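Understanding the architecture of this molecule
As a plain string of letters, each chain reads:
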Amino acid sequence: MTAPPALRPETGTGRCRQRSTGPGAPRMLLLHGLGSSPAAWDRYLAGGVPGYEVWDATLPWHGLAGSAWTRRCDPGRVVADLANGRGTDAGQPFDVVVAHSYAAGLLLSALAAGLLRIGAAVLVSPFYRADPGSFDWPTISAALNDFHLVFVEALRLSRISRFPAGRQERLGRQLRNRVGPYGWMSFFQLYLDSPFLALDGVRTPVLVVRGDDDIASPLEDSRQLVRALPDARLARVAECGHFPMVERPEQFALAVGGFLASQKLAPHLKPELT
């Protein structure tokens, strides 16, 4: 069988991870976070996503990219182009877009700007503040000086977990250094801009998924975001950090599957999210 064409390189390198199960099957796109890769979705996809054709994409801000992407592309446009299906086989918007962390912020901004025509969105461990006054100096200091801890957590959940904690710490700092100050500034500027998003006009149903032990994205961020969106719900994953699709893939799949079933994008799925 001939593989579907890849997404255009200028909007990210994409691939079909799970082929359509039948005519008219809904299509899902998975977008990784800053300094990550499509491998972040492997454990979630290992269980399959019934009824869906699933795509992912290697984005300009992947872990081996350095920070030159911050000067070569508009990250928001990259996400909007991919979500709207530009360069895919059908050339149609995806029915569902699932985005993690930095990419979740970009997806949220695109939704607020009216740039997307997708059916539903899942924001995983997003960053959002309703009040610009909540960005004080301690908040900025913590976000900057503890930035490497997110990468250490990602490494702890990978095959590198067999390494001693001290080596994981060093590798986390190396990954932070590869993302660099420009990559961090791109993330934090997106965070700073979040209070000014016109979320009251977003009509796309949204699920916010977060781990209860997330050291990077505060629980109140997620609560504020759900309150600000007209059609949103929150799914919390217990004993889980910033990467629920990696650390708790089964619970993550239940939350996403229940949400999608409630949206009737795949009617044969039964809602399991409470």
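In this report, we go over the structure that sits alongside the text. (Residues numbered from 1 in each chain as written. Predicted model: local features only at pLDDT ≥ 70, side-chain atom pairs only at ≥ 80, totals over all residues. Heavy atoms only, no water.)

Time to look at the environment of Leu 149. Structurally, Leu 149 is set in helix H6 (residues 147–156). Each C-alpha atom of the pair Leu 149 and Gln 168 lies 10.0 Å from the other, and the pair is 19 residues apart in sequence. Discounting chain neighbours no more than four positions away, the residues touching Leu 149 are Glu 169 and Ile 215. (Helix = DSSP H or I, 4+ residues; strand = E, 2+ residues; numbered from the N terminus. Contact = heavy atoms within 4.5 Å.)

Right, let's talk about helix H7 (residues 165–193) for a bit. Between its first and last C-alpha, H7 extends only 35 Å over 29 residues, short of the 42 Å set by a 1.5 Å rise per residue. Along H7, the helix axis deviates most sharply at Gly 180, where the bend reaches about 80°; the proline Pro 181 sits within four residues downstream. Of all the residues in H7, the buried ones are Gln 168, Gly 172, Leu 175, Val 179, Gly 180, Gly 183, Trp 184, Ser 186, Phe 187, Phe 188, Leu 190 and Tyr 191. At its buried positions, H7 is contacted by helix H2 (69–72), helix H3 (75–83), helix H4 (102–112), helix H5 (137–145), H6 and helix H8 (219–228). (Expected span 1.5 Å × (residues − 1). Bend = angle between axes of the 7 residues up to and from the residue. Buried < 20%, exposed > 50% of the residue type's maximum accessible area, 1.4 Å probe, protein only.)

One way to put it is that H4 packs onto H7 with a least axis distance of 10 Å and a crossing angle of 45°. Here H4 lies oblique to H7, going by the angle between them. By crossing handedness, the relation of H4 to H7 is classed as left-handed. Each of Tyr 102, Gly 105, Leu 106 and Ser 109 in H4 lies in contact with H7, whose residues at this interface are Ser 186, Phe 187 and Leu 190. In the contact of H4 with H7, the residues fall into four nonpolar, three polar and no charged. (Axes fitted to C-alpha atoms, helices over the stretch in contact; angles between N-to-C directions. Parallel < 35°, antiparallel > 145°, perpendicular 65-115°, else oblique. Left-handed = near helix turned anticlockwise from the far one by under 90°. Nonpolar A, V, L, I, M, F, W, Y, C, P; charged D, E, K, R; others polar.)

This part takes up unusual backbone geometry. Phi at Ser 125 takes a positive value of approximately 50°, unusual for a residue other than glycine. Positionally, Ser 125 belongs in the loop between strand E5 (120–124) and H5. Positive phi values are uncommon outside glycine, yet Glu 239 reaches one of about 50°.

With that settled, the discussion passes to the pattern of salt bridges. In this structure the tally under the stated criterion is 11 salt bridges. Across the pair Arg 17 and Asp 42 runs a salt bridge whose closest N-O atoms are separated by 2.8 Å. Taken together, the positions of Arg 17 in strand E1 (residues 13–18) and Asp 42 in helix H1 (residues 42–46) put the pair 25 residues apart, joining distant regions of the chain. Since its relative accessible area comes to 29%, Arg 17 is described here as partly exposed. Residues Glu 239 and Arg 248 are paired through a salt bridge, measuring 3.9 Å at the closest nitrogen-oxygen approach. (Salt bridge = Lys/Arg side-chain N within 4 Å of Asp/Glu carboxyl O.)

Right, let's get into the side chain of Ser 101. As for its position among the elements, Ser 101 is in the loop between strand E4 (96–100) and H4. Residues contacting Ser 101, with those up to four places away along its chain left out, are Val 124, Ser 125, Phe 127 and His 242.

By the definition in use, this model includes one cavity of 30 Å³ or more. Approximately 70 Å³ is the volume attributed to the largest cavity. What lines the largest cavity is Ser 101, Tyr 102, Gly 105, Leu 108, Ser 109, Phe 127, Phe 187, Leu 190, Tyr 191, Ser 194 and Leu 197. A total of four residues in the lining of the largest cavity trace back to one element, the largest contributor, which is H4. (1 Å grid on protein atoms, 1.4 Å probe; cavity = no way out; pocket = protein on both sides within 12 Å on 5 of 7 lines; lining within 4 Å. Points joined across faces, edges and corners; volume = space filled by probe spheres on them.)

Mapping Val 96 onto the fold places it in strand E4. Accessibility expressed as a relative area gives 0% for Val 96, which makes it buried. Expressed as a C-alpha distance, the spacing of Val 96 and Ile 118, which sit 22 residues apart in the sequence, is 6.2 Å.

On to the pairing of E4. Taken across its five residues, E4 has five buried, putting it largely inside the fold. Alternating residues of E4 divide into Val 96, Val 98 and His 100 and Val 97 and Ala 99, and every residue in both groups is buried. Direction of pairing for strand E2 (residues 27–31) relative to E4: parallel, over a ladder of four bridges. Directly across from Met 28, in E4, lies its bridge partner Val 96. Here five bridges tie E4 to E5, and the two strands are oriented parallel to one another. Across the sheet, Val 97 pairs through a bridge with Ala 121, a residue of E5. You can see the chain leave E4, run along H4 and come back into E5, and the turn it takes is right-handed. (Pairing = 2+ DSSP bridges. Right-handed = clockwise from strand over helix to strand, strands pointing away.)

A cluster of basic side chains, namely Arg 159, Arg 162, Arg 167 and Arg 170, defines a positive patch on the protein surface. Turning to its location among the elements, Arg 167 is positioned in helix H7. (Patch = residues over 30% accessible without salt bridge, like charges linked within 9 Å, V, L, I, M, F, W, Y side chains within 5 Å. Areas by Shrake-Rupley, 256 points an atom, 1.4 Å probe, with all protein chains shown as cover. Lys, Arg positive; Asp, Glu negative; His and termini not counted. Charge placed at Lys NZ, Arg CZ, Asp CG, Glu CD.)

Inside soluble globular proteins, nonpolar side chains tend to come together where they are buried. Residues Leu 31, Trp 61, Leu 107 and Phe 187 are the most contacted members of the largest nonpolar core, which totals 49 residues. For this core, the element with the highest residue contribution is H4, accounting for nine residues. Beyond its immediate sequence surroundings of up to four residues, Leu 31 is in contact with Trp 41, Ala 57, Leu 59, Val 79, Leu 82, Val 97, Val 98, Ala 99, His 100 and Ala 103. In this structure, Tyr 52, Leu 207, Val 209 and Ala 235 belong to the second largest nonpolar core, which totals 29 residues. (Core = buried A, V, L, I, M, F, W, Y, C linked by side-chain atoms within 4.5 Å.)

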